[in-house]
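Architecture and fold: a report
This is what each chain is made of:
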Amino acid sequence: MDPLRPCVAGDRAALYDVCLLTGDSGSDASPLYAVPHLLGDVYVGPYVTFEPGLATVFDDGAGAQGYVLGALDTRAFEARCEKSWWPSLRAAHPLGSVAEGTADARLVALIHDPPAAPDHVVREHPSHLHVDLLPRWQGGGWGRRLMERLFAQLAAAGSPGVHLGVGRGNDRAIAFYERLGFTVLDDTSADALFLGCRLF
C-alpha cells in the first residue's frame, strides 16, 4: 500500500502533532512551547483549510507520520489568511499574552505581523510549501516522494516555481532541499534563507 495519500478533514490534529514533533529543526519542539497548538495554527491550519488539495500525508497505517503542504499562489494565499485566518488567532492571542522572549511569543508576534517572501522570490517562484516527517522516517526517501508529488501538482496547475523558507542553522534540511534542486533565492534575513526550485 502506498503510504502517501491525500489529506482528509480528520487529519488536522495528527498533522498539528507532526508539526510540533518536528518543529525544532526536524526534532521535537514540544519542550519549547507552552501553547503547543500555536505552531500548527501557523504552519498547518491555513494550508489544510484553504488548499487541502495540495496537502499530501505520509501514513504508515498507524496515522499521519508526515506531510507536505502547498500554496499555489503565495500572494493570494497571504491575502486569504489576512482576511480569514489571522484575525481570530490575533483575538485569541493578543500581543503580550505570553511571556516575552519565549518561542510562544515569537509565534504570537508572527501571527500579528506575518512575514512575506520578497517580491523577487515570488515573481518566478509563486508557490510555496512546508514539509515535515517524524524523525524515524527521515532519511528514507519519503520526504523526496512527498515533495515530488507536490511538484507535479503545482506544475500541472501552471506554477513555474516553488519556494520555501528554512532556518540558517538547519543544515540537514538545507542539504536535503539542495539535493532536490533548490537554490538560494534570498539570504538577506539574519535567521532564514529563501530557497527556490523551478518546476518547468
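We now turn to the structure provided with this report. The numbering scheme is per chain: residues are counted from 1 as the chain's sequence reads. Local features are withheld for residues below a pLDDT of 70 in this predicted model, meaning they are given only at 70 or higher, and side-chain atom pairs are given and counted only at 80 or more; totals for whole chains, interfaces and linings count all residues. Hydrogens and water molecules were not included; the side-chain quantities draw on all heavy atoms of the structure.

Turning our eyes to something else, we now look at the overall build of the protein. On a plain count of helices and strands, the protein comes out with nine helices and seven strands. Here the globule rule is a power law, 2.2 Å times the number of residues to the power 0.38, and the radius of gyration is based on C-alpha atoms. Its C-alpha radius of gyration of 16 Å places the protein within 12% of the 16 Å reference for a compact globule of 200 residues. For the protein, the spread of C-alpha atoms along the three principal axes comes to 45 × 40 × 30 Å. By residue count, 46% of the 200 residues in the protein fall in the buried class. A helix here means a DSSP run of H or I that spans at least four residues, while a strand means a run of E at least two residues long, and both kinds are numbered starting from the N terminus. Remark: exposure states derive from per-residue accessible area (1.4 Å probe, protein chains only) relative to the maximum for the residue type, with buried under 20%, exposed over 50%, and partly exposed in between.

A few words on the environment of Pro52. Along the chain, Pro52 turns up in the loop between helix H3 (45-50) and strand E2 (56-59). The sequence separation of Pro52 and Ala64 amounts to twelve residues, and the corresponding C-alpha distance is 15 Å. Residues count as neighbours in contact if any of their non-hydrogen atoms are within 4.5 Å of one another. Here Pro52 is in contact with Cys7 and Tyr47, once residues within four sequence places are set aside.

Here, nonpolar core means buried Ala, Val, Leu, Ile, Met, Phe, Trp, Tyr and Cys residues that are tied together by side-chain atoms lying within 4.5 Å of each other. Core analysis: the biggest nonpolar cluster contains 35 residues, and Leu15, Val44 and Trp86 have the highest contact counts within it. When contributions to this core are tallied by element, the ones reaching two or more residues are helix H1 (12-21), helix H2 (38-43), H3, strand E3 (64-71), helix H4 (74-84), helix H5 (86-92) and helix H6 (103-112). It is H6 that provides the largest number of residues to this core, a total of six residues. When sequence neighbours within four positions are dropped, the list of residues in contact with Leu15 reads Cys7, Val44, Val48, Val57, Ala64, Gly66 and Tyr67. Leu4, Ala173, Tyr177 and Phe182 belong to the second-largest nonpolar core, a separate cluster that totals 24 residues.

A few words now on the sheet that holds strand E1 (residues 4-6). Think of a sheet as strands paired side by side through backbone hydrogen bonds, with each pair either parallel or antiparallel. Think of it this way: DSSP has to see at least two bridges between two strands before they count as a pair. Ordered by their spatial adjacency, seven strands build an open sheet running E1-E2-E3-E4-E5-E7-E6, and the pairing between neighbours is mixed. Looking at which strands have only one partner, the edges of the open sheet turn out to be E1 and strand E6 (183-186). Taking the axes of each pair of neighbouring strands and ignoring which way they run, one obtains an average angle of 30° across the sheet. The pairing of E6 with strand E7 (residues 192-198) spans three bridges and is classified as antiparallel. In the strand pairing of E7, Asp186 is matched with Phe194. Of the strands in this sheet, E2, E3 and strand E4 (127-133) are in contact with H1, which crosses E3 at around 95°. As a rule, the C-alpha atoms of each element are fitted with a line to give its axis, helices using only the stretch in contact, and angles between N-to-C directions run from 0 to 180 degrees. Sitting on the sheet, helix H8 (residues 142-156) is in contact with E1, E2, E3, E4 and strand E5 (161-167), with an inclination near 155° to E4.

A few words on the side chain of His125. Of note, His125 is situated in the loop between helix H7 (119-124) and E4. Not counting chain neighbours up to four residues away, the residues in contact with His125 comprise Gly161, Val162, His163, Leu185, Gly196, Cys197 and Arg198.

This paragraph deals with the pairing of E4. The buried fraction of E4 is high, at six of seven residues. Two strands pair when backbone bridges link them, and E3 and E4 are joined in this way by six bridges, in the antiparallel orientation. Within E4, the position partnered with Ala71 by the bridge is His128. Both E4 and E5 contribute to a ladder of two bridges, which runs parallel. Looking across to E5, one finds that His128 is bridged to His163. Note that the unit made of E4, H8 and E5 has a crossover that is right-handed. The handedness of a crossover follows from its direction of travel: if, with the strands pointing away from the viewer, the path from the first strand over the helix to the second runs clockwise, the crossover is right-handed.

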